[in-house]
Structure formats: structure tokens, C-alpha cells
Amino acid sequence: MAAMFVVEPSPAVADPMPLKTLAAAARDGDGIKIGSAIRSTVIDPDSDGDETYEQRAAAEFSLIASENDLIWEVTEPTEPTREGGEWVHNYAWDRAEEVVDFAERNGQTVIGHHLVWHSSVPGWWDRIPGPDGKPIPNPQAYTPQVVREFLQDRVEDTVNRFEGRIGYWSVVNEVLAENGSWRPSIWQRAYPNPVPDSYGYIADSFRWAHAADANAKLYINEYGVEGNTAKARALYDLVKRLRDDDVPIHGVGFQTHRKLTDGLAGFADMLRRFADLGVEVYITEMDVRIHDTAASGVELLQQAEVYGRAVRACLDVVACKFINLWGFTDAHSWIGTVFHIGWGRATVLTDTLAAKPAYHRIAAELADWTAPLQNMAGWWRLDDWATPDDADVVASDVSGHGRPAAVAAAALGHEGRMPGYTAFRGNGVTTQATTTGPVLQTSQPFTVSAWVSLTDTTRDQVVVSQDAATRTAFSLGFDFASQKWYFSMADAYAQGPGFYRVLSTTAPQPGAWTHVTGVWNRTWGRLVLYVNGRLNAAVAPPTSFLPWASTGALRIGAAMNGRHLAGSISDVRAYQRVLPDAEVLDATKLGHFGLDGQTGDTSFFLRDGSPRPEVTHWLGTPGQIPTALRLTGGTTNPERIEAVAIDVRPQVLRTDRSYSVSAWVNLDADGDGAIDSAGDMVAVGQDGIHRSAFRLGVRGGKWAFAVPSADANVMTMQVVSGDTAAAGWTHLVGVYDAEARQIRLYVNNVAQTPLADVTSWASASNLHLGQALDGPRWVGGIDDVRLYQTPLSLNEINLIPDRS
Ligand code: XIL
């Protein structure tokens, strides 16, 4: 048996440096706020308040949110009456006052939660059975006119009452359904003009709140928008529309109620997309629920990792101004009480206020943060969301440098590299994305890369360029005369041709997504071109060459003098340094599962990897973040899927084209040094309808890469290792080389005898770690899985880093 280990929360001693002090000093001294939701019932100063709770809330946080004490059903428990044409409200502010007083006593900023929310309609409202039989507020209880009057009074009276005392208001909460449509509510139904556009009540609420307190920061709050979801895209469109219409909205709140398997890999990107609309962004209700029966410490460590990622994402994005926790102790958390039964322990302190790993992780992230990706000068994913009628939108720069590119002619939002992702599409005439100033110093070494798919090979086209005063300083693109990719730099002396360039040795394949990289390697004195992560050609300009200093914009999909690209562009990156071969290759990955306590993908695509069923087993040193996935055969019934396989949707690779799959595997599941199952097992596979298009793993006791020749009950082509599969970590790489019609297998970077005359087919279903559609599950360890859409050579396989 593998050693079981338990991470004990640290004893409840006062921690030396409270979170608020660390947060104030974070981000190189610019500081953010850190807070928690609190409950009036627990801080009651006169009677039964919990003093330890109060002391801790005062000591740790610079921000306090009212968990439930400002919602409408609490502040207006009895029905208003009508006198002289006006509503007379019977407000109850005592609970809210307790929270605001508490914060004022402790010098804390207050977040008011929430002015308008479908779910906090007072009990005096007539109720009818909802779709699931539970009573919901009857929309017909009052006329639409009265509902709008209630809304205005609720917003104005509440904000007025606390004018100058509440710093942030969650103005409208959860107005969208999961699929991005409007969530039905009494408010939405009372604004029938035009049905079913709910925009009106949202815009009105912000305007009324702003009129009542011009100094409060007003935000829209939502859950399930931390990743690229339908709801997140709808929220983006809504916020953009509110901004375009000059509605006083200052921020977007990401609730961030998470569980372990949700990951948070793309969270910083998401925060940046919204920030590029000109709003602040906030983490407003963070907690990370784990199983309430979880006995081992692994879940606490993974929980710490999720908290840590959120803190880092916020610090990475300058527009992120606070992190608010939804409760700070398991003694008073909404998780596992009425909501999320079977879950619990979601906060950073135990119910006796001992610090969990999550607490220490937040502290460490706040203390240790350094500006991200300093070695990157700009990074435009180009999968930003554009509303269809947008002529000009912004492509976010996710490098952390804040260099967004203005996109002309609705070039964003088109078909991307994978189902579910979008890309820039050039029309060859007017499309481009342009930064406001230079990104790269062209006199210094630099690297620029992009994914491109050309549709027109009848003229010169530019993928990326940067302007000098009167001409283009560098450009990367397609050269019509030679039918090759090129990378070119202008010479300031303008003798000879006026520029130098390197042409690829291979011709672009129209319609195929290709990764191209141009490097100005000044020390080596070469212009270098990589195609699909592979060094393709290099050219040495004469020693007199002096690159034109670039003072103008970086352009995507065009140059100063036109040459607009017809085709698609994705994932443009710029670096003020020479990228080594290993890093160029790394940027071409289509999937990367580090499996360090997280099941998600950290490549460009940031896919969630969902464990099946939701129990994840890990390998690692006690007290540390797990370092690999562990799959067991199941204790009682080896056929039962009780351990884990990770499903990744949609497909990752085009298996009808060349590709490579790299994985570290271990046949010892329980850590006793012996093989636990010597049969046929699959570590990585991608499904078709009837078969998996490839299976990397073990067959007949040997390492194997197997490819069935069709998605049917046909023969499987396979390469197996010369040696028998043994225990210990082993690096496997399976390669399908479509041009050579070959499959290859490398074991610990040693080529095994390849198999010829192999063809493959397109499989468009899930990728799995630990099983395949038509193969037995893996028993043992799996780590650091990488997928590439190119047939890697042994040299390139040697560039893949060892498992971390
Ligand atoms: C929750 C509170 O924490 C619970 O005490 C209450 O019973 C229900 O509401 N999203 C929100 C919060 O915006 O207001 C919710 O708070 C949690 C989900």
C-alpha cells in the first residue's frame, strides 16, 4: 500500500503576519484588499457574539462583505404600504448596521451584497409553485409598474441609507442562466420592453445606485464565469453593452465558488478580457469545497492550490482590486448546510480557527508574487469574444504588460483551431489588430510566433509586423514569389535590398494550422525561422546590418503597407529575447496535463480534465502537492471503474494528420516497487466512435503505441518495445507520421523499430488519460502528458523536459 498521509491543520496560534498586511504590501506595494463575508448573527457585540470569530475577522481582513444582512428579504421583511401616492417601506436595517459598524470599528471597507437578486424576494410576496414544485415569487403579484417602483426604492433607499459607508456594491447578482440567456426573475418580467430583454432593469439599477452614492464602486456579480463558459461570454457582451451605453458600472465580480476539479487554469486570462473593457475585476465570494468525508490531507493541499491560483490570477491582473472569501472558517460557511450537501471544509480556517494549507498558501502567494511573464513582451490569444456586430473590439494582451490590440473589421470570433475556440480571421483587405505603441525593440534580440492558416497563396501576406517611422521594421508572413514562409527585418543603412529575410524550406499547406516563429538572434547574427516548432532555416545578414529601430505599432494580420492576411491567426506571442529550441517546441503543444494535483490542461486551450468518477488519486510526498496521477485497479472488483480516468472534451488531436503523444508512466500503483498489472493497459487515448484512434501504453507486457487502421473492428497496427515493460518512471512517446505513413515509439528517448504502411483516421471524440474506448484501464502512475500536432523527431523528443 502507498503510504497514507494526513495533513494536519496547524494549531490555532496567532499567525505572525495577517493576510491584510500581506495584501496591502502585495503587487510590489500597490496592494490589494482581502476580505471575507461575515454574518451579523456571529458578531453581535452585545450578547452572544463569538469573540474569537470577531477578533480573527478584524485582524485578517481589510474588507468585509455582508453575507446575508443586506439582501432584500432581510432589509424589508414586511410589505410596504401606500400613503399619498408613495410607498411607505418598513425597513429593518439593524442587521446590516451591525456588519457596517463592525467594519467601521475595524477600519475595513464594506462590500454590500446584493442590491438586486432573483433569489432574495421577501416572504410577503405571494408565491406559486415553480418548475420543480418549490414555491417561487409570483410574477403576477404586483403590476410591472409597481415592481419597477419597488426596484427603484430598494436600490435608492438602500444605497442612500449607507451613503459613504459602503465602498463596493454588488448591484445585480446572477442575472444570467448557465447557457447565457437571461435568468427569469420578477425584475426581468417587469421590464417587458422589448420582451424578453432584461437589459433595462440592470441599466436602471446601476444608474439609481450611482445617483444615490457617486463614490461607491458598482459591480455586476456572477458565478461560473471564471472559465470560458457560455455564461462568461454572455456576461462579457452585457458588460460591454453597459459600458458602451455609459451606464455607471465600475467592476465585474467573479464569485469563484469552486471545487477541486474545476481547476482555475485560465482565470487570469478571463479577468484580463473583462479588464480590457475598462472595468475593475474582483474575486467576490471565494471558497473551494471538498468532500465532507475526505479523510486524507491531499484534498486540503489541492484546495490550497486552487486558492493559490486565484490569488495569483488576481495579482497578475492590475485591474483586480480585491479578493473576498465567502466566509473564513468552516464553522460558519454556507457549504454543506443547505447548499452543496455532501461537501464542506471550503474555507481557509477549520471550525476552531486553525489555519489550513489554503490559508498559508494565500499568505505565501501574497508575499511571494512577482510580476508575471516578464520575459514576454506581448501575448494575444485572439480568441476574445466579439459580438457579431462589433466593428472594433479589443484583443487582450494576456502577457501582463497591458498592450491590447484594436481589432478592425470584425476579425475576431471566427472558427478557431479547435471546436469551441475562436480565432482572428483576415479578409485579405481591411482586417488587422494594432497595438497603440511598439511592443518589441527590434535592435535587441527578439522572438515572435503565431499559429496561421492561409486560405490565399496568390499574394504576399503578413502574419505579424511592427512599424518603424517610415517602413516596416520586421515582418513574419507568406512570400508569394517563393511560395514560402518568411521572416524579414529592415536595414537602417538601406543599402542593398534594404532588408534581409529568411525563407522556409517548406511551403505552407493552405488550410492547415501551422506554427511559425521568427527569431532575431543578434549574438549568433542570424534571422531564424521555425515551422511547427522545428528550426527550418537561418540566414546571416552582413555584419553591417543595423535593424531599423521600431517606434510604431505591432500589427497582427497586416503591415504598414497593407499585405493583409487572408486566413486565420491564433496565439501571437512576442518575446524580447531569443527563445531556445525547447521553448519554441513547447509553444506548439496542443495539450499539456502536468498532473501536479490538478487534472486540467495548462496549454493554450486550458481545458478542464474531468476525473471519472469524481475521485482522484495522486502520487506524491506527504505534505507536498501531489506530483502525478495514480490509478488503481479497484480493490474488490478489478473491472469496476472506481479509480480515475480523466476525460478531456472535445478532441485534442487531429489523428488523421501527423501527431505525437508524450507521457511519463509508471506501472507501480501502490509504491512497493513492483508492477501491479502486466496486462494490456492504456495510458493515453483519443476516441472515435467505435475505436480509439491511438492507444499509448502497454500490450502483452511491452510498451506499445497502437493505431487501429479504421474506426471499426479491424486490425490494430502497433509498435511494441524490444524490452519488457518494467517498474519505475518511463518516458513514452508515440508518433504518427502521416507523410512517412509510419508509427514510431520512443521509450526513454530510445527509438524502437517503427512500423510502416500505417494510415490513420479522424477521431473527433474525447481524449482520455488512463483509458481508451476499446482498451483496458491503466493501473499505475501517469504524469506530464503532452500532445503535439507534429511528428516529433528524436532530437525534438530530447527537448521535452523531464517530469516535474
Ligand atoms: C449564500 C449565503 O452564503 C447563504 O448563507 C444563504 O443561505 C444563501 O446565499 N452566491 C451569492 C451569495 O451571490 O449571495 C450566496 O450566499 C452564495 C452564492
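The structure displayed is predicted, hence computed values, not measured ones.

**A word on the site of the ligand**
Near the ligand, the surroundings consist of 13 residues, among which E67, N68, H114, E285 and W326 are the closest. Interatomic distance of 2.9 Å between a side-chain N/O atom of N173 and an oxygen atom of the ligand. The separation between an oxygen atom of the ligand and a polar side-chain atom of E285 is 2.7 Å. Isolated, the ligand exposes 410 Å² of accessible area, and the fraction of that covered by the protein chains is 83%. Taken together, the residues of the shell around the ligand break down into 4 nonpolar, 5 polar and 4 charged.

**Regarding the state of the cysteines**
In total, this model carries 1 disulfide according to the counting rule given. In this model C314 forms its disulfide with C320; the gap between the sulfur atoms is 2.1 Å. Because the sign of the S-S torsion sets the handedness, a value of about -100° for the bond joining C314 and C320 places this disulfide among the left-handed ones. Each member of the pair, C314 as well as C320, is classed as buried.

**Digging into helix α12 (residues 357-368)**
The end-to-end C-alpha distance of α12, which contains 12 residues, comes to 16 Å, matching closely the 16 Å that a straight helix rising 1.5 Å per residue would cover. All buried positions along α12 are accounted for by P357, A358, Y359, R361, I362, A363, E365 and L366. Of the surrounding secondary structure, the elements contacted by the buried residues of α12 are α1 (19-25), β1 (33-38), α3 (51-60), α11 (298-316) and β14 (320-325).

**Structural notes on the confidence of the model for the protein**
Considering every residue of the protein, the mean pLDDT works out to 91; 93% of them sit at 70 or more. Contacts of residues 1-7 to residues separated by more than four positions or lying in other chains number 17 contacts, the stretch itself having pLDDT below 50. Note that residues 635-643 has pLDDT below 50 and, in this model, 20 contacts with residues that lie over four places away or in other chains.

**A short note on the side chain of Q752**
Within the element layout of this structure, Q752 appears in the loop between β44 (750-751) and β45 (767-769). From its side chain, Q752 meets the backbone nitrogen of G722 in a polar contact 3.0 Å long. Discounting chain neighbours no more than four positions away, the residues touching Q752 are V719, V720, S721, G722, L745 and V747.

**Let's talk about the environment of Q624**
Among the secondary structure elements, Q624 is positioned in the loop between β34 (618-619) and β35 (628-631). The exposure class assigned to Q624 is partly exposed, which follows from its relative accessible area of 46%. Spatially, the C-alpha atoms of Q624 and G336 are 27 Å apart, while their sequence positions differ by 288 residues.

**What to know about the nonpolar core**
The biggest cluster of nonpolar side chains holds 111 residues, and the ones touching the most others in it are I220, F274 and L366. At 9 residues, the largest contribution of residues to this core is made by α11. Setting aside residues up to four positions removed in sequence, F274 forms contacts with A232, L235, Y236, V239, V252, F254, V279, V281 and W385. Among the nonpolar cores identified, the runner-up in size contains 47 residues, and F604, V665, V684 and L769 belong to it.

**A look at the pairing of strand β16 (residues 376-380)**
Put simply, side chains in a regular strand alternate between the two faces of the sheet. β16 sits mainly inside the fold: 5 of its 5 residues count as buried. Note that β16 and strand β31 (residues 566-575) share 4 bridges and pair antiparallel. Residue pairing across strands places M376 opposite Y575, the latter belonging to β31.

**Focus on the pairing of strand β13 (residues 280-291)**
Burial of β13 is extensive: 11 of the 12 residues sit out of reach of the surface. Examined bridge by bridge, strand β11 (residues 251-254) and β13 share 4 bridges and lie parallel to one another. Each residue of the ladder has a partner; that of V252, found in β13, is V281. Note: strand β12 (residues 257-259) against β13, 3 bridges, orientation parallel. Note that in β13 the partner of H257 across the bridge is D287. Remark: the β12/helix α10 (residues 267-275)/β13 crossover connection has right-handed handedness. Across 4 bridges, β13 lies against β14 in parallel orientation. Bridge pairing in β14 places V281 opposite C320. For β13 and strand β15 (residues 343-344), the ladder comprises 2 bridges, and the chain directions are antiparallel. From the neighbouring strand, H291 faces β15, where its bridge partner is W343.

**Description of the sheet that holds strand β25 (residues 484-490)**
Taken in spatial order, the 8 strands line up as β17-β18-β21-β30-β23-β24-β25-β26 in an open sheet, and their pairing is antiparallel. Of all the strands in the sheet, the pair left with one neighbour each is β17 (393-395) and β26 (499-503). Taking the axes of each pair of neighbouring strands and ignoring which way they run, one obtains an average angle of 20° across the sheet.

**Things to note about the pattern of salt bridges**
Within this structure, the stated rule accounts for 36 salt bridges. We note a salt bridge from D69 to R95, for which the minimum N-O separation is 2.7 Å. Remark: R95 occurs in helix α5 (residues 94-105) and D69 occurs in the loop between β2 (63-66) and α4 (72-75); sequence separation between them is 26 residues. The exposure class assigned to D69 is buried, which follows from its relative accessible area of 2%. Of the charged contacts, one joins R607 and D601 as a salt bridge, the two residues approaching to 2.7 Å between their closest N and O atoms. If you follow the salt bridges from partner to partner, you end up with E97, D101, E104, R161 and R165 in one network.

**Regarding the packing of aromatic side chains**
The final tally for this structure, using the stated rule, is 37 aromatic pairs. Judged by centre distance (6.0 Å) and plane angle (75°), the ring pair of F446 and F487 falls under edge-to-face. Taken together, the positions of F446 in strand β22 (residues 446-454) and F487 in strand β25 put the pair 41 residues apart, joining distant regions of the chain. Its relative accessible area of 0% is what places F446 among the buried residues. Their ring planes at 85° and their centres at 5.4 Å tell us that W520 and F545 sit as a pair that is edge-to-face. On the criterion of sequence distance, the pair formed by W520 in strand β27 (residues 514-521) and F545 in the loop between β29 (534-539) and β30 (554-556) is long-range, its members being 25 residues apart. An identical accessibility class is assigned to W520 and F545; each is buried. Linked through ring pairs, W72, W87, W124, W125, Y142, F150 and W187 together constitute an aromatic cluster. If you follow R148 out to its NZ or CZ, it ends over the ring of Y191, 5.6 Å from the centre. One Lys or Arg, R273, reaches over the ring of W385 and ends 4.5 Å from the middle of that ring.

The rules behind each value
Residues numbered from 1 in each chain as written. Predicted model: local features only at pLDDT ≥ 70, side-chain atom pairs only at ≥ 80, totals over all residues. Heavy atoms only, no water. Near = heavy atom within 4 Å. Polar contact = N/O pair within 3.5 Å; in protein donor to acceptor, adjacent residues only side chain to side chain. Areas by Shrake-Rupley, 256 points an atom, 1.4 Å probe, with all protein chains shown as cover. Nonpolar A, V, L, I, M, F, W, Y, C, P; charged D, E, K, R; others polar. Disulfide = S-S within 2.5 Å. Buried < 20%, exposed > 50% of the residue type's maximum accessible area, 1.4 Å probe, protein only. Helix = DSSP H or I, 4+ residues; strand = E, 2+ residues; numbered from the N terminus. Expected span 1.5 Å × (residues − 1). Contact = heavy atoms within 4.5 Å. pLDDT = per-residue confidence, 0-100. Core = buried A, V, L, I, M, F, W, Y, C linked by side-chain atoms within 4.5 Å. Pairing = 2+ DSSP bridges. Right-handed = clockwise from strand over helix to strand, strands pointing away. Axes fitted to C-alpha atoms, helices over the stretch in contact; angles between N-to-C directions. Salt bridge = Lys/Arg side-chain N within 4 Å of Asp/Glu carboxyl O. Phe/Tyr/Trp six-rings, centres within 6.5 Å; stacked < 30°, edge-to-face > 60°. Lys NZ or Arg CZ within 6 Å of the ring centre and 35° of its normal.

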